[in-house]
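# Summary of the model geometry
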Amino acid sequence: MDCMFCKIIQNKIPAKRVYEDDSILAFEDVSPQAPVHILIIPKKHIPTSLEIEESDNELIGRMVQVANRIATDREVAGRGFRIVMNCNREAGQTVFHLHLHLLAGRAMHWPPG
Ligand code: 5GP
Ligand code: ZN
């Protein structure tokens, strides 16, 4: 399968890994939009949030917990951080392997652009 993030999981493309377990990988975004910009992905290939199944619910919850833990470790949890999941093109999704963006380290705007 020609998926960039599956290749990162398989170590075919290098990435700065910050967390890994049996089902989840987190790594630095190659084009950071904030001082902290980390992607949290399931090792299972799920194209978009629309393909999340009931059997994935625990996995998705654990992805959020990984984001919380990284935010705490980077000492941005108290200041604030943003977790973003873009779905399909108009929302800005460019890689069709489910991912959470963890963004922190600067003031965030609302509404988002
Ligand atoms: P999306 O726009 O799909 O929500 O987010 C995709 C993110 O993946 C972007 O922020 C982009 O910078 C990042 N990205 C794309 N290709 C690579 C890559 O090969 N390595 C890493 N580390 N990040 C990538
Ligand atoms: Zn994939």
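Below is a summary of the structure that appears in this document.

Reading the values: the criteria
Along each chain, residue indices are assigned from 1 in the same order as the chain's sequence is written. By the order in which they are written, chains take letters starting at A while ligands take numbers starting at 1. Per-residue local features of the predicted model are confined to residues with pLDDT of at least 70, and side-chain atom pairs are confined, for both listing and counting, to 80 or more; whole-chain, interface and lining totals are unaffected and use all residues. Each side-chain value is worked out from all heavy atoms of the structure, with water and hydrogens disregarded. Using only the protein atoms, space was sampled on a 1 Å grid; points where a 1.4 Å probe fits but cannot get out form cavities, open sets with protein on both sides within 12 Å along at least five of seven lines form pockets, and lining residues are those with an atom within 4 Å of a point. Grid points are joined across faces, edges and corners, and a volume is the space filled by probe spheres set on the points. Secondary structure counts use DSSP, requiring at least four H or I residues in a row for a helix and at least two E residues in a row for a strand, with both numbered from the N terminus. Polar here means any residue other than Ala, Val, Leu, Ile, Met, Phe, Trp, Tyr, Cys and Pro, which are nonpolar, and Asp, Glu, Lys and Arg, which are charged; Gly is therefore polar. Pairs of strands are assigned from DSSP output, requiring at least two bridges between the strands. To get an axis, a line is fitted to the C-alpha atoms, and for a helix only the part in contact is used. The angle between two axes follows their N-to-C directions and goes from 0 to 180 degrees. By the convention used here, residues are in contact when the closest approach between their heavy atoms is within 4.5 Å. The pairing test for Phe, Tyr and Trp rings, Trp by its six-membered ring, is centres within 6.5 Å, and the orientation test on the planes gives stacked under 30 degrees, edge-to-face over 60, and tilted for anything in between. Buried residues are those whose accessible area, probed at 1.4 Å on protein chains only, stays under 20% of the maximum for their type, while exposed residues exceed 50% and partly exposed ones sit between those limits. The cutoff for a nearby residue is simple: one of its non-hydrogen atoms must lie within 4 Å of the molecule or strand. Nitrogen and oxygen atoms within 3.5 Å of one another constitute a polar contact, given that in protein one can donate a hydrogen and the other can accept it, and given that sequence-neighbouring residues count only through two side-chain atoms. Under the convention used here, a 1.4 Å probe and the Shrake-Rupley method define accessible areas, while residue burial counts only the protein chains that appear. Cavity and pocket membership follows a simple rule, namely that a molecule belongs there if more than half of its atoms are within 2 Å of the grid points. Donors, by definition, are the N, O and S atoms found within 2.8 Å of a metal, the threshold being 3.2 Å for Na, K and Ca, and water is not counted, so a site can look incomplete. In short, tetrahedral needs four donors with all angles between 85 and 135 degrees, square planar needs four and octahedral six donors with opposite donors over 155 degrees apart and all other angles between 65 and 115, and whatever is left is irregular.

Volume-wise, the largest pocket comes out at about 850 Å³. For the largest pocket, the lining is made up of 33 residues, of which Asp29, Gln33, His37, Leu39 and His101 are closest to its centre. Listed by contribution, the elements that provide at least two residues to the lining of the largest pocket are helix 1 (4-9), strand 2 (24-28), strand 3 (36-42), strand 4 (81-84) and strand 5 (100-104). Counted by class, the lining of the largest pocket contains 17 nonpolar, eleven polar and five charged residues.

Pairing is antiparallel in the open sheet, where five strands are placed in the order 1-2-3-5-4. Looking at which strands have only one partner, the edges of the open sheet turn out to be strand 1 (17-20) and strand 4. The mean angle between the axes of side-by-side strands here comes to 20°, regardless of whether they run parallel or antiparallel. Two elements, strand 4 and strand 5, share four bridges in a ladder whose sense is antiparallel. Bridge assignment links Arg82 to a residue of strand 5, and that residue is Leu103. Each of strand 1, strand 2, strand 3, strand 4 and strand 5 touches helix 2 (residues 57-73); the most contacted strand, strand 3, lies at about 155° to it.

This model, assessed by the stated rule, comprises one aromatic pair. Ring plane angle 80° and centroid distance 5.4 Å describe the contact between Phe5 and Phe27, whose orientation is recorded as edge-to-face. With Phe5 in helix 1 and Phe27 in strand 2, the pair connects residues that are 22 residues apart, well separated along the chain. Overall, the relative accessible area of 6% leaves Phe5 in the buried class. With relative accessibility at 3%, the residue Phe27 sits in the buried group.

Turning to the site of ligand 1, a few remarks are in order. In the region of ligand 1, 17 residues are neighbours, and Asp29, Gly92, Thr94, His99 and His101 sit closest. With respect to ligand 1, the backbone of Gly92 contributes an N or O atom lying 2.7 Å from an oxygen atom. At 2.8 Å from an oxygen atom of ligand 1 is found a side-chain nitrogen or oxygen belonging to His101. Contact with the protein chains hides 84% of the accessible area of ligand 1, taken as 510 Å² for the molecule alone. The cavity where ligand 1 resides is the largest pocket. At the level of secondary structure, the elements contributing two or more residues to the shell around ligand 1 comprise helix 1, strand 2 and strand 3. Residue contributions to the shell around ligand 1 peak at three residues, all from helix 1. Looking at side-chain class alone, the shell around ligand 1 contains seven nonpolar, eight polar and two charged residues.

This paragraph deals with the coordination of the zinc ion (ligand 2). Only Cys3 (SG), Cys6 (SG), His45 (ND1) and His97 (ND1) from the protein coordinate the zinc ion (ligand 2), and they sit 2.0 to 2.3 Å from it. Metal-centred angles of 103 to 116° between the four donor atoms at the zinc ion (ligand 2) mark the site as tetrahedral.

The analysis is restricted to geometry; functional conclusions fall outside its scope.
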